[in-house]
Each structure stands twice: as C-alpha cells, then as structure tokens.
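Given next are the chains, with one letter for each unit.
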Amino acid sequence: MCGIIGYTGKRNALPILLDGLKRLEYRGYDSAGISILNNNSLIRLRAVGQLSALEKRLNDELNKSMADGATGIAHTRWATHGSPTENNAHPHADCADKLHLVHNGIIENYQTLKSSLESAGHIFSSETDTEALAHLIEQEINNGQSLDEAVMTAVQQIKGTLGLAVVAANEPDKIVAARRSSPLLLGIGQGEYFIASDPSAIIPHTSQVIYLKDDEFAIITPAGYEIKSLSGQSVAPRTETIDWSISEITRGGYDTFMEKEIFEGPSAIANALRGRLLPDDGNVKLGGLDAAENKLRYIDKLVIVSCGTSYYAGLAGAMMIEEYAKLPVAVLHASEFRYRDIPLDKNTAVLAISQSGETADTLAAIHEAKKRGLLTLGIVNVVGSSIARETEAGVYNHAGPEISVASTKAFISQLTVLGLLTVYLGRTRTMPLAIGQRIVRELARLPDLTESILKQAHKICAIAERYNSFKNFLYIGRKYNYPTALEGALKLKEISYIHAEGYPGGELKHGPLALVTTDLPTVAIVLRDSIYEKMLSNIQEIRARQGPIIAIATENDARLSELADDIFYMPKTIEMLSPILAVIPLQLFAYEVAKLHGRDIDKPRNLAKSVTVE
Ligand code: F6R
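Residues numbered from 1 in each chain as written. Predicted model: local features only at pLDDT ≥ 70, side-chain atom pairs only at ≥ 80, totals over all residues. Heavy atoms only, no water.

K.L.:
Could you give an account of the overall build of the protein, naming the residues involved and the relevant values?
P.N.:
Across its full length, the protein holds 19 helices and 26 strands. Radius of gyration (C-alpha) of the protein: 26 Å, near the 25 Å computed for a compact globule of 614 residues. Taken along its principal axes, the extent of the C-alpha atoms in the protein is 80 × 55 × 45 Å. Looking at the protein residue by residue over its 614 residues, the buried ones come to 61%. Considering only contacts in the protein between residues 6 or more positions apart, those separated by 24 or more positions represent 71%. For the protein, the exposed area adds up to about 22,500 Å²; of that, 48% sits on carbon and sulfur atoms. (Helix = DSSP H or I, 4+ residues; strand = E, 2+ residues; numbered from the N terminus. Rg over C-alpha atoms; globule rule 2.2 N^0.38 Å. Buried < 20%, exposed > 50% of the residue type's maximum accessible area, 1.4 Å probe, protein only. Contact = heavy atoms within 4.5 Å. Areas by Shrake-Rupley, 256 points an atom, 1.4 Å probe, with all protein chains shown as cover.)

K.L.:
So what's going on with the site of the ligand? Residues and values would help.
P.N.:
As a structural note, the neighbourhood of the ligand is formed by 14 residues, with Ser310, Ser354, Ser356, Thr359 and Glu494 the closest of them. Interatomic distance of 3.1 Å between a backbone N/O atom of threonine 309 and an oxygen atom of the ligand. In the model, an oxygen atom of the ligand is placed 2.9 Å from a nitrogen or oxygen of the serine 407 main chain. Summarising the interface, the protein chains cover 90% of the accessible area of the ligand, which totals 400 Å² for the free molecule. Looking at which domains feed residues into the shell around the ligand, each of domain 2 (250-453) and domain 3 (456-614) supplies at least three. (Near = heavy atom within 4 Å. Polar contact = N/O pair within 3.5 Å; in protein donor to acceptor, adjacent residues only side chain to side chain. Domains from an automatic or database assignment.)

K.L.:
I'd like a description of the UniProt feature "active site" (unreviewed entry) in the protein, backed by residues and values.
P.N.:
Under the present numbering, the feature "active site" (unreviewed entry) in UniProt falls on Cys2 and Lys609. In summary, the annotated positions, though distributed over 608 residues, converge in three dimensions, the widest C-alpha pair being only 9.6 Å. Mapped onto the elements of the fold, cysteine 2 is located in the segment before strand S1 (3-8). Along the chain, the position of lysine 609 falls in the segment after helix H19 (578-596). Only 2.7 Å separates the side chain of lysine 609 from the side chain of glutamate 402, close enough to count as a polar contact. (UniProt positions renumbered as here; feature names shortened; annotations may be inferred.)

K.L.:
How would you summarise the pattern of salt bridges if you had to cite specific residues and measurements?
P.N.:
For the structure on display, the rule yields 30 salt bridges. For lysine 174, the salt bridge is made with glutamate 171, and the minimal N-O distance between the two is 3.3 Å. Glutamate 171 carries the same exposure label as lysine 174, and that label is buried. Note that glutamate 494 is salt-bridged to lysine 491, the shortest N-O span being 3.2 Å. (Salt bridge = Lys/Arg side-chain N within 4 Å of Asp/Glu carboxyl O.)

K.L.:
Tell me about the sheet that holds strand S18 (residues 329-333), and please be specific about residues and values.
P.N.:
The strand order across the open sheet formed by five strands is S18-S17-S19-S20-S21, and the pairing between neighbours is parallel. The sheet is open, and its two edges are formed by S18 and strand S21 (393-396), each paired on a single side. With strand direction ignored, the average angle separating the axes of adjacent strands in the sheet is 20°. Pairing of strand S20 (residues 375-380) with S21 involves four bridges; the strand directions are parallel. Bridging from a neighbouring strand, leucine 377 pairs with alanine 393 of S21. Running at roughly 165° to strand S19 (residues 348-354), helix H12 (residues 360-371) makes contact with strand S17 (301-306), S19 and S20 of the sheet. On the sheet, helix H14 (residues 409-427) packs against S19, S20 and S21 and is oriented at approximately 155° with respect to S19. (Pairing = 2+ DSSP bridges. Axes fitted to C-alpha atoms, helices over the stretch in contact; angles between N-to-C directions.)

K.L.:
Could you give me a rundown of the environment of isoleucine 542, with the residues and numbers involved?
P.N.:
When you line up the elements, isoleucine 542 lands in helix H18 (residues 532-543). In this structure isoleucine 542 comes out as buried when scored by relative accessible area, which is 0%. Separated by 25 residues in sequence, isoleucine 542 and threonine 517 have C-alpha atoms that sit 8.4 Å apart. In this structure isoleucine 542 touches Ile476, Leu508, Leu513, Val516, Thr522, Gly547 and Ile549, once residues within four positions along its chain are discounted.

K.L.:
Account for the packing of aromatic side chains, with residues named and values stated.
P.N.:
Overall, the coordinates contain seven aromatic pairs when judged by the stated rule. Between the aromatic rings of tyrosine 254 and phenylalanine 263, the centroid separation amounts to 5.8 Å while the plane-to-plane angle is 25°, which identifies the pairing as stacked. Following the ring pairs from residue to residue traces out a cluster consisting of Tyr467, Phe470, Phe473 and Phe589. Its guanidinium or amino end placed over the ring of tyrosine 497, arginine 605 lies 3.8 Å from that ring's centre, counting from NZ or CZ. (Phe/Tyr/Trp six-rings, centres within 6.5 Å; stacked < 30°, edge-to-face > 60°. Lys NZ or Arg CZ within 6 Å of the ring centre and 35° of its normal.)

K.L.:
With reference to specific residues and values, describe the packing of helix H8 (residues 265-273) against helix H15 (residues 433-454).
P.N.:
For any two helices packed against each other, one specifies the crossing angle of their axes together with the interaxial distance. It is at 8 Å that the axes of H8 and H15 come closest, and there the two elements cross at 175°. Taken together, the axes of H8 and H15 lie roughly antiparallel to each other. Across from Pro266, Ile269, Ala270 and Leu273 in H8, the residues of H15 making contact are Leu443, Ala444, Leu446, Pro447, Thr450, Glu451 and Leu454. (Parallel < 35°, antiparallel > 145°, perpendicular 65-115°, else oblique.)

K.L.:
How would you explain the domain arrangement of the protein if you had to name every residue and give the values?
P.N.:
Annotation of the protein at the domain level lists domain 1 (3-242), domain 2 (250-453) and domain 3 (456-614). Each of domain 1 and domain 3 has a C-alpha centre, and the two are 44 Å apart. Contacts between the two partners involve nine residues from domain 1 and, on the opposite side, eight residues from domain 3. When the two sides are added together, the surface that domain 1 and domain 3 hide from each other amounts to roughly 800 Å², 60% of it contributed by carbon and sulfur. On the domain 1 side of the contact with domain 3, Tyr26, Arg27 and Trp78 bury the most area, a combined 55% of that side's loss. Scanning the region where domain 1 abuts domain 3 turns up one salt bridge. Lysine 603 is paired through a salt bridge with glutamate 25; the nearest N and O atoms lie 3.5 Å apart. Summed over the shared surface of domain 1 and domain 3, the result is zero residue pairs in polar contact (both at pLDDT 80 or more). Class assignment for the residues of the side of domain 1 that touches domain 3 results in four nonpolar, three polar and two charged. (Buried area = accessible area lost by both parts, 1.4 Å probe. Nonpolar A, V, L, I, M, F, W, Y, C, P; charged D, E, K, R; others polar.)

K.L.:
Summarise the nonpolar core; cite the residues concerned and give the values.
P.N.:
Grouped together as the largest cluster of nonpolar side chains are 91 residues, with contacts concentrated most on Leu302, Leu377, Tyr475 and Phe589. With twelve residues, the top contributor of residues to this core is H19. Inspection of this core shows a minimum of three residues originating in each of domain 2 (250-453) and domain 3 (456-614). Leucine 377 has contacts with Leu289, Ala292, Leu296, Leu302, Ala349, Val350, Leu351, Ala352, Ile366, Thr391 and Ala393, leaving out every residue within four places of it along the chain. Among the nonpolar cores identified, the runner-up in size contains 35 residues, and Tyr26, Ala32, Leu58 and Ala201 belong to it. (Core = buried A, V, L, I, M, F, W, Y, C linked by side-chain atoms within 4.5 Å.)

Right, dumping it as structure tokens:
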C-alpha cells in the first residue's frame, strides 16, 4: 500500500527518491509522484500508472532546479479516496504551492476539515482526504506558525491515521515528518537523512534507523535531526540497526521475488527454528514470550486474529494447539473480531499473526483486545513493526523481507512458529516429554524436507502446463490440510486471476459437487494421515463425475495412482506439520500457472503488500 521516501543531504535527491520508489513498488500502487526542494523553489511531478510513466515525465520535463535539488519527498499511491488520477496522486500542495506533502493513511474527518477550509477560501484540486492536511498546515503557517509548529497543530486536528512528510519552499533543506498508526522511520546517514514508510526504501544508504512512535514528529535537515512528541517535547533518540542485506531485497537471479521467496522456504524455516529447539527436553525456547510466561501458564483460551494467508496459518495453528496443548482456540478474521461482541474473560489471550506487522485490521483487533485488558501476543515477521511493538509478548519469524505481494515463505514460517508455540504451550500443560521430543525432532527435519520438495519443482511445471487453460479450480483438504487447500486456492486466484475455491473435503456433497464436471479440476491434498481414507472417498466422489484430479500425496502411495490424473509426491512428516510441506507444491503450481498467463506475479492487480487501511 502507499509508500513514502524522503531525503535531505548533499547528494542530488532525485535518483535517491526514484530508487526508493522502485524499492517500494512491491507494496502496490497505482500512481506516483516526486517533489524536489531546491533553495526556495518547489517542483512537483506526478504520473498515473507504473513508475516508468513518472520516469518518462521526469526525462521529458526535467529542469536544472529539479536535477540539482538535494531535498525531496516522493510517494507511491494506492487509491482510497478518489480514483488513481494525476490530480489525486501525491505530493499534494497548498493553495500557494509553497508546501508539498505525502501521506499514508486515512483522514477520517476530512469532510469536516475540507468544508471549513473551503469556507475560509482554500481551493481544493483533488478528491483526496490528504489534500485537507496541506491546506490545514497552510492555514496555520498563514496564522504565523513555523512549519514545525504548523504540522503539529494540524496533526492535532486530524482524526485517523498518518505517515506524513512535508517540505516547504521557505524552509530549504528541511523535511517534517509525523506518524500515527502508519509506519514511518527515520534513516540516519553521514550528513544525510531519510524518511521512509518501509526500511527497504533506504537500505542501500543506511542501516541505522529510528522507528517513529505514534504522535511523534521528526524534523530533519542535512545538519541533523530532532524527534518531538505531539506536545512539542524533545524525545531521546533510539537508533536501531536493520539487519536486512541488499541481497535480501533484490531478486538474486530469480525471475520474480515470489519465485525467490518460495525457494527461500527452507532457510525461512531454519531461521524460525534457530536457537529455539531443545531436543532432549522435548521443548523450545521462545525468549520473546518470557515477558508473558506466567500469564501464559494460566490462560484457558486463545483467540487468533489475522487476515488472508496469515489467517489460514492461524487455522492450522489452532488445530496444532488444540490437539497437543489442549487449549481451546478460536480463529477470527481480524476485520470481524472488533465488531463482534464475543464474551472473553481475563484468562483469554489474543494472538495476532502478521507478516508485515502493519495490517490495519489486525492492529485494530489488538487495540480492541488491549482495551478489554486481555494478554496480547504476536507472531510477526517485520521487526519493530506496529503489531510487534504493541503486543505484550511474541515470537518473530525471522523469515527475512518478503517483497512479493503474495505471501509464501512467511506462511510456512508462521506455521513453523505455530509448531514451536504448540510445544511451548503444551509442555507447560499436559504434553508428555516423548510427544514434545517427537515434534521437536520433526521440526528440525523440515528444512531438508522442504528442500527435497523444491528439487521436484519441474514436476509441478509440467502439471501446470497441462492445466493452465482451465477457468476454475477446486481445492480440497481435511483437518490440518483444509487451511492448506484454502491457501492454495488463494495463491492461484491472487496471482493468476483464475477463480479457485478451497473446501473441506467433507463439504463437497453439501453443495460444491454440483460444479464438478470435466471442466473443473480439483487439487486434492490426500496424505497418509488420520483422514486418508476419508479423503480417498472424497476424491472418488469427484472421479465418479469425471472431474480431473491433481493429488498432493505421500511418497510411495500406490493406491492413488488409480484415482488421480496427476500426482505430486512429498515426503512424510507428522500430521500437524504436514501443511508446511503440502503448501509448497500449491505455491509452485499457482506461480507456474500465473507465469503461463503472463501475469505481473509480484504485483497482482488491485492488491497491496501491506494493507494499512481498514
Ligand atoms: C496473500 C497475502 C495476504 C496477507 C494479508 C495479511 O498472499 O499476502 O492475504 O496474508 O494481507 O497480511 P499480514 O500477514 O502482513 O498481516
């Protein structure tokens, strides 16, 4: 979703901003723009569509002032208020065109603000909520405030969320930034400073960052920076080092980030497990949960809140925790949680699962849980993200940056961490030593097992070629692999735009069987596990209606060859961990089909990587 980068220093800002925008592309956008501040002149260029459209305008209309300017802000916009047009693209300007700003988030009271600003004579030129902020700051400057003061006063009047960066013609070299519930960080270089909504935008320049907290402001010039609270008090700096490398945010020889990230599955699992397994004790060490250790011992219910792929990981995790830690778990779409009146007592913990740690619905669910006084936990990939900071305790995935919009390695990492959490919760309850040892042993084998599946990727390519012309797909699984079926269907629809539905195998006869014909292939996860015979019956129901079947099966399963048209064999592991392996062929299948359809795989239409609006 929308991305921000800002720069002030001694170098030309333009190439740094453009490069930053390219690194933010993965978040999803439909227009982009740049403003350069050079001495007292502010120049802005915006364009609809891909960054190449903005680059073309820059090439055609570049002037010396823009090329030489050493301060600037830039933005990729994902339309919320107002369609993707040049006028609606950021940066937005005040009436006098003396102030430009970029904004992520939503200004909920913009209609009221806009009416009162229009009554005061301000002329709006876009349909966006953001523009109200530009005029509000202009009004405060006209009332005699400095830029810093005007931004603070304006932010105090805003209801909603913001990551904001502002430049003004009469304050050369300066950027004022502010944050409320929309991520923003300050990058610290040598005599140069950056503002970004996401570390990937600035990683080539510095690894030293300060994550702004809610209602904090950063004021940067090439001479230094200052962080202030909403009341204007200086805040002590707290620099952190980002441990991402450039190679982690480049494609490294792969055609797409999605392909690279699927093939990073084994290392994502290894990173999630590193230093956490205690094989002899049949237990795990999760330092991030220490702060909540006592409370966790006494909880009698867990509620998992998450969205999309992370929600499906939660569904599988709930089964693990219920079966092995004997703790009841409810899994809710985060967007539903806060609007339902679910009776929860103080012995309930709420666990947010989020790759980005910035998903607005999941964050809102955590705020709601905190309001109710419940213990909040997180399984989060992005270190220092809002959900990581706002939950009382949690476990990081350490999967490394996931750039492709469609989540792959984060999903298997989330399942791995849920496996660890199951052992953690189980061993403080009734889980016997031998069961703990077995799960820990199997967790340790996962990197090798996933590697062996990836070595057979060519077999999935061949299957994808045979099926890529179908218009609809059904995905079925049961118990632990029902969420895998949902995730497989989601992967196919989001990157190939082919309709796919995930169902529990047992539900076929309650409706979807009516769809089955020779035109509807079913991808069935039929492993040698506790529901194997039931799954066989389900695929027989499909077979009897001539539906083509692609089976994901356990190696050496001879019985399936008579029932399925195509079979992908995978190694055996314990049932609770089997989704981690079974999802890989489904990710590869979706990837290959999308490739055959010529889709923009890393940036599927209408989608954003980090969904920071509710
Ligand atoms: C699908 C996908 C999304 C995300 C969802 C939650 O491939 O990536 O469904 O899983 O938007 O995002 P996070 O995990 O960042 O909270």
